[in-house]
Amino acid sequence: QVQLVESGGGLVQAGGSLRLSCAASGSIFSINAMGWYRQAPGKQRELVAAITSGGSINYADSVKGRFTISRDNAKNMVYLQMNSLKPEDTAVYYCKAGGAWTGSRWLGGSWGQGTQVTVSS
C-alpha cells in the first residue's frame, strides 16, 4: 500500500501560478505511474497529468502548455507546476500513484487526501 500526502494548494488570482507537491511512502518499490487528478464541484474527477518512472508524460488537453508534471524518483515525490491559472482550474487536486497506467487509462492505485486550488477571476 502506498500513502500519499499533497501540499501546495491555495487561493490565487487568474493568471497566477501554484506548485503542488506529493510525497509517497509505503510500498513505493511498486510505483510506476504517478500523477494528478482534479475534481470540481458537481463534476467527475478527471486526469490532469501522469508521469511514469521512465519519464513518459500525458496531459489533459485543457492544461497542455500551462501545467508541467515532474517527479523525483530518489525522493518519491511528484510535482505539478501550474501556470497561467484560470478560474476553471478551480478544483480539489488529488495525487495518485501505483496501479497500472496504460497510457490512456489508470487502473487501481492509491489516492492522496486532496488539496484545494481556487482561482479567482
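Preceding block: the structure.
Model, not experiment: these values are computed from the prediction.

### Side note on the environment of Gln13
Argument step 1. Note on placement: Gln13 falls in strand β2 (residues 10-13).
Argument step 2. Residues Gln13 and Gln113, 100 residues apart in the sequence, show an inter-C-alpha distance of 24 Å.
Argument step 3. Setting aside its immediate chain neighbours within four residues, Gln13 contacts Val119 and Ser120.

### Some points on the state of the cysteines
Argument step 1. Tallied over the entire structure, the rule returns one disulfide.
Argument step 2. Paired by a disulfide, Cys22 and Cys95 hold their sulfur atoms 2.1 Å apart. Between Cys22 and Cys95 the sulfur-sulfur dihedral comes to about -85°; the bridge is accordingly left-handed. Here Cys22, found in strand β3 (residues 18-26), pairs with Cys95, found in strand β9 (residues 91-97); they are 73 residues apart in sequence, far enough to count as distant.

### A closer look at the pattern of salt bridges
Argument step 1. In this structure the tally under the stated criterion is four salt bridges.
Argument step 2. Put simply, Asp89 and Arg38 hold a salt bridge, and the shortest N to O gap is 2.9 Å. A residue pair is termed long-range when its members are at least 10 positions apart, and Asp89 in the loop between β8 (77-82) and β9 and Arg38 in strand β4 (residues 34-39) qualify at 51 residues. The pair Asp89 / Arg38 is uniform in exposure class, with both members buried.
Argument step 3. Between Lys64 and Asp61 there is a salt bridge, with its nearest N and O atoms 3.1 Å apart.

### Quick word on the sheet that holds β8
Argument step 1. In space, the four strands of this open sheet follow the order β1-β3-β8-β7, with antiparallel pairing throughout. At either margin of the open sheet sits one strand with a lone partner, and together these are β1 (2-7) and β7 (67-72). Pairwise comparison of adjacent strand axes, ignoring direction, gives a mean angle of 15° for this sheet.
Argument step 2. Sheet analysis places β3 next to β8, joined by six bridges and oriented antiparallel.

### Structural notes on the pairing of β3
Argument step 1. Inspection of the sheet shows β1 paired to β3 by six bridges, in the antiparallel sense. Its bridge partner being in β3, Ser7 is matched across the sheet by Ser21.

### Let's talk about the packing of aromatic side chains
Argument step 1. What the rule picks out here adds up to four aromatic pairs.
Argument step 2. Each ring, one from Tyr94 and one from Trp111, has its centre 6.3 Å from the other, and the planes form 90°; the classification is edge-to-face. Residue Tyr94 is found in strand β9, and its partner Trp111 is found in strand β12 (residues 110-111); the two are separated by 17 residues along the sequence.
Argument step 3. In this structure Trp111 comes out as partly exposed when scored by relative accessible area, which is 35%.
Argument step 4. Between Arg19 and the ring centre of Tyr79, over which it is positioned, the NZ or CZ distance is 4.1 Å.
Argument step 5. Over the ring of Tyr94 we find Arg45, and its NZ or CZ is 3.7 Å from the ring centre.

How each quantity is defined
- Once a new chain begins, its residue numbering starts again from 1 and follows that chain's sequence as written.
- Since the coordinates come from a predicted model, pLDDT governs what is reported: local features require at least 70, and pairs of side-chain atoms require 80 or more to be given and counted, while whole-chain, interface and lining totals use all residues.
- Excluded from the side-chain calculations are hydrogens and water; all other atoms, namely the structure's heavy atoms, are used.
- Runs of H or I in DSSP of at least four residues are treated as helices and runs of E of at least two as strands, each being numbered from the N terminus.
- Here, two residues are considered to be in contact whenever any of their heavy atoms come within 4.5 Å of each other.
- We call a pair of cysteine sulfur atoms a disulfide when they lie within 2.5 Å.
- The working definition used for a salt bridge is a side-chain nitrogen of Lys or Arg within 4 Å of a carboxyl oxygen of Asp or Glu.
- Burial classification: accessible surface area is computed with a 1.4 Å probe over protein chains only, and a residue below 20% of its type maximum counts as buried, one above 50% as exposed, and the rest as partly exposed.
- Only strands that DSSP links by at least two bridges are regarded as paired with each other.
- A fitted line through C-alpha atoms represents every axis, and for helices the fit uses only the stretch in contact; the resulting angles, taken between N-to-C directions, go from 0 to 180 degrees.
- Within 6.5 Å between ring centres, the rings of Phe, Tyr and Trp (the latter by its six-membered ring) count as paired, and their orientation is classed by plane angle as stacked under 30 degrees, edge-to-face over 60, tilted in between.
- Whether a charge lies above a ring is judged from NZ of Lys or CZ of Arg, which has to be within 6 Å of the ring centre and within 35 degrees of the ring normal.

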